[in-house]
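Inside the fold
Here is how the chains run, residue by residue.
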Amino acid sequence: MSSLDRGATSRQTAPQTAMAKGSVEVPGAGMLDRWPWWGLCAGLAAVMVASAVAIGFRTPYWSHADQDLVLAYHGLLFNEGLPQEYFDHPGYTYFLVIEVWYRLLHGLGLMPVVTLSGLPPAADTAAYNAAWQNLVEAGRALSILITTAFALVYANLVRALVGDRRVAFLAAVVMAFGIGLSTQARQMRTDLLSASFVVTALLLVLVAIRTAPGWRPLLLLGLAGLLAGLAMVTKIQAIFLALGIPVIALAFGRRFPGEGGQHWIAAGVLGLAAAAAALPAVALIQHGIASAGQSLYPYRPVGGGLSGVYQGIIVGWVVLGMAVYAAVWRVRLSYAVAAMAAVLLGLALGVLALTIRPHEQNVIAVANLIEHMFVFTTWKHQAALQGQEQVLSDGLVTLLAKGLWRTLAIRTIVFHPDNIPQTVVVEWFIIGGCIVLWRRGERVAAAQAALLLLVAWGLETLFSLRGFQRAYAAYTDPLMGLAAAWVLLRVPGLLEQARTRRWIVGTVALVVVVAQVWPAIEAIRLPNPAGQCGWIPTYMKHVEPFPFCRPG
């Protein structure tokens, strides 16, 4: 038996052992052992909601003008039946959601204004401010709902993956009160929905590959593909984590020798469905590539002859990743084909969501995602990228190197003491746990946890091209939580011994407490809203000037 197979076998029994231990009442173990799972989830949801409502919910509607005002504006725009005007992310799926959310609240009598024509005149300053405060607070309520639902889905999928509810709950708390969701819960942002989709897609894939072959894992893979596609049409930065899913899946794979029969019927059905969805999806992307010159933004060529080609490379990467997985973990050919078809079907449907409320600029942004993201990188780093005629350039490499240095330096605190994320203590735990596991000979588990940590650091380095924004941690904090859970699962004695259990629970509690600091500071140190008046006329063309933008 190979080392990979031995690792898979040991991981197969570890969750069962952990689950058995988790079900035994340990004296003084506390709520992790005494409370039912639904009680733990309800408690987590209650604390998340209470935290977000108590700190930040009632701040003025202009306190996070970018993106609160733009996204609220699009809820009004869509309910008025007008076309989308904002394509930076491109934000498409979020606009569909906020439209329905506003309409639902209006139907319940909780929102008097849900269309542009329903806004009071700006001359009535009090009524105008009240209307926008109501719109933004409704959007913040949606953010609270999404973050809470995301945390609960995350908790349950991690529990399905590791088999120990205590470990899963602690991981969910770390993720829920990491700097990413703590920020997202108090603002309206497109990356919240995007991160929720792509992280859930990753977890669905991990659960699917560690489940015996059958229709259930195929459905999970199809849903994962759909969510990954939706994540990218919501905010194209999700592509980076999505491209990491095949590598993570390969590292966390599991072999099922002698289990399951042939799956050619499933492969045929899913293959036909995937082909039917892929043809219009590919045509849509090809149209976007051909129409790149019609973009609202000035695209630069990628370089290296990759413009118009790398999109096919991305699809090939997904297919190659699944083929390599099937070869390494000895998956039956029929099941491998069915799994590929399920994923491609989901991805195609995610892309075809662009046709629900079609706009060519959304298609162009998604089809030319590298060029589109680079536009905003040049806005952020004008001096470094001035004169660069293509995406792949010396300036870009220099920026990435600087981003990598900051990403690593901030983990030391000493070399970069500013904006330290509260999850840094969790990362130290992961690093220490990986060293312990490696020295104990459990090198597969150590490598798996280290891979998750490295992917998170890689994402943070890439996101540095848009500046280090706390909200972007919504993509990386879930990986930290999962890596910590994987380490803790392999050292179950840490939760059985009273002293170490108190240290672990205390560390997680510290993350929760520190998570309140930045929101409290931002609620006290409100910005000058006049600083936002430069871009508002460009991004919100159909509203009268806000009171804080009027001269005098």
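A brief structural summary. (Residues numbered from 1 in each chain as written. Predicted model: local features only at pLDDT ≥ 70, side-chain atom pairs only at ≥ 80, totals over all residues. Heavy atoms only, no water.)

For residues that are not glycine, phi is negative in most cases, and the peptide bond is trans in most cases. Looking along the chain, the bond that leaves D66 and enters Q67 is cis, with omega of 25 degrees. The step from H89 to P90 runs through a cis peptide bond, and the omega angle for that step is 10 degrees. By the secondary structure assignment, P90 is in the loop between α4 (65–79) and α5 (92–107). The phi dihedral of R330 falls on the positive side, at around 55 degrees, and the residue is not glycine. For R330, the location among the structural elements is in the loop between α13 (310–328) and α14 (333–352). Relative accessible area serves as the criterion here: at 55%, R330 is assigned to the exposed category. (Helix = DSSP H or I, 4+ residues; strand = E, 2+ residues; numbered from the N terminus. Buried < 20%, exposed > 50% of the residue type's maximum accessible area, 1.4 Å probe, protein only.)

Taken as a whole and assessed by the stated rule, the structure comprises 15 salt bridges. A salt bridge links R166 to D164, with the nearest nitrogen and oxygen atoms 3.0 Å apart. Neither R166 nor D164 differs from the other in exposure class; each is buried. Here the salt bridges share partners, and the residues they tie into one network are D33, D164, R166 and E496. (Salt bridge = Lys/Arg side-chain N within 4 Å of Asp/Glu carboxyl O.)

This paragraph deals with the side chain of Q361. Relative to the helices and strands, Q361 is located in helix α15 (residues 360–367). Q361 sits in the buried class, given a relative accessible area of 9%. Reaching out from Q361, the side chain makes a polar contact with the backbone nitrogen of L296 at a distance of 3.1 Å. Once residues within four sequence positions are removed from consideration, Q361 is found in contact with F87, Q294, S295 and L296. (Polar contact = N/O pair within 3.5 Å; in protein donor to acceptor, adjacent residues only side chain to side chain. Contact = heavy atoms within 4.5 Å.)

All right, on to the environment of V153 then. One can find V153 in helix α6 (residues 125–162). Put simply, V153 and L203 are 50 residues apart on the chain and 9.6 Å apart in space, counted from C-alpha to C-alpha.

Take the packing of aromatic side chains next. Here the structure, examined in full by the defined rule, presents 18 aromatic pairs. Considering the side-chain rings of F463 and Y475, the 5.3 Å spacing of their centres and the 50 degrees angle between planes classify their relative orientation as tilted. You can see F463 sitting in helix α20 (residues 443–463) and its partner Y475 sitting in the loop between α20 and α21 (477–490), a full twelve residues away along the chain. Given a relative accessible area of 1%, Y475 falls into the buried group. (Phe/Tyr/Trp six-rings, centres within 6.5 Å; stacked < 30°, edge-to-face > 60°.)

So, about the state of the cysteines. Taken as a whole and judged by the stated rule, the model has one disulfide. Linked covalently through their sulfurs, C533 and C549 form a disulfide whose S-S length is 2.0 Å. The chirality of the disulfide connecting C533 with C549 is left-handed, given an S-S dihedral of about -90 degrees. Of this pair, C533 sits in the loop between α24 (517–524) and α25 (536–539) while C549 is found in the segment after α25, placing the two residues 16 residues apart along the sequence. (Disulfide = S-S within 2.5 Å.)

This next bit is on the environment of L218. By the secondary structure assignment, L218 is in helix α10 (residues 215–234). Looking at L218, the relative accessible area reads 4%, which means it is buried. For L218 and T377, which are 159 residues apart along the polypeptide, the C-alpha to C-alpha distance reads 38 Å. Other than its neighbours up to four places away in sequence, L218 contacts A266, L270, Y335, A338, A339 and A342.

Turning next to the packing of helix α3 (residues 37–54) against α6. Two elements in contact, α3 and α6, have axes separated by 10 Å at closest approach and are oriented at 150 degrees. Comparing their axes, α6 and α3 come out roughly antiparallel. Our pair here, α3 against α6, has a crossing hand that is right-handed. Only I144, T147, T148, A151, L152, A155, N156 and R159 of α6 make contact with α3, whose side of the interface consists of W37, C41, L44, A45, M48, V49, A52 and V53. (Axes fitted to C-alpha atoms, helices over the stretch in contact; angles between N-to-C directions. Parallel < 35°, antiparallel > 145°, perpendicular 65-115°, else oblique. Left-handed = near helix turned anticlockwise from the far one by under 90°.)

Moving on: the nonpolar core. By size, the foremost hydrophobic cluster in this structure holds 172 residues, and its most contacted members are L69, Y102, W132, M540 and F546. Setting aside residues up to four positions removed in sequence, Y102 forms contacts with A72, G75, L76, N79, M111, V114, L135, V136, A138, G139 and M188. (Core = buried A, V, L, I, M, F, W, Y, C linked by side-chain atoms within 4.5 Å.)

In this section: α21. Along its 14 residues, α21 runs 20 Å from first to last C-alpha, staying within 8% of the 20 Å computed at 1.5 Å per residue. Here α21 lies mainly inside the structure; 14 of its 14 residues are buried. (Expected span 1.5 Å × (residues − 1).)

What follows deals with the packing of α6 against helix α7 (residues 165–176). At a closest axis distance of 8 Å, the pairing of α6 and α7 adopts a crossing angle of 145 degrees. The two elements α6 and α7 meet at a crossing, and its hand is right-handed. Each of F150, A151, Y154, A155, V158, R159 and V162 in α6 lies in contact with α7, whose residues at this interface are R165, V167, A168, A171, A172, M175 and A176. Taken together, the residues that form the contact of α6 with α7 break down as twelve nonpolar, no polar and two charged. (Nonpolar A, V, L, I, M, F, W, Y, C, P; charged D, E, K, R; others polar.)

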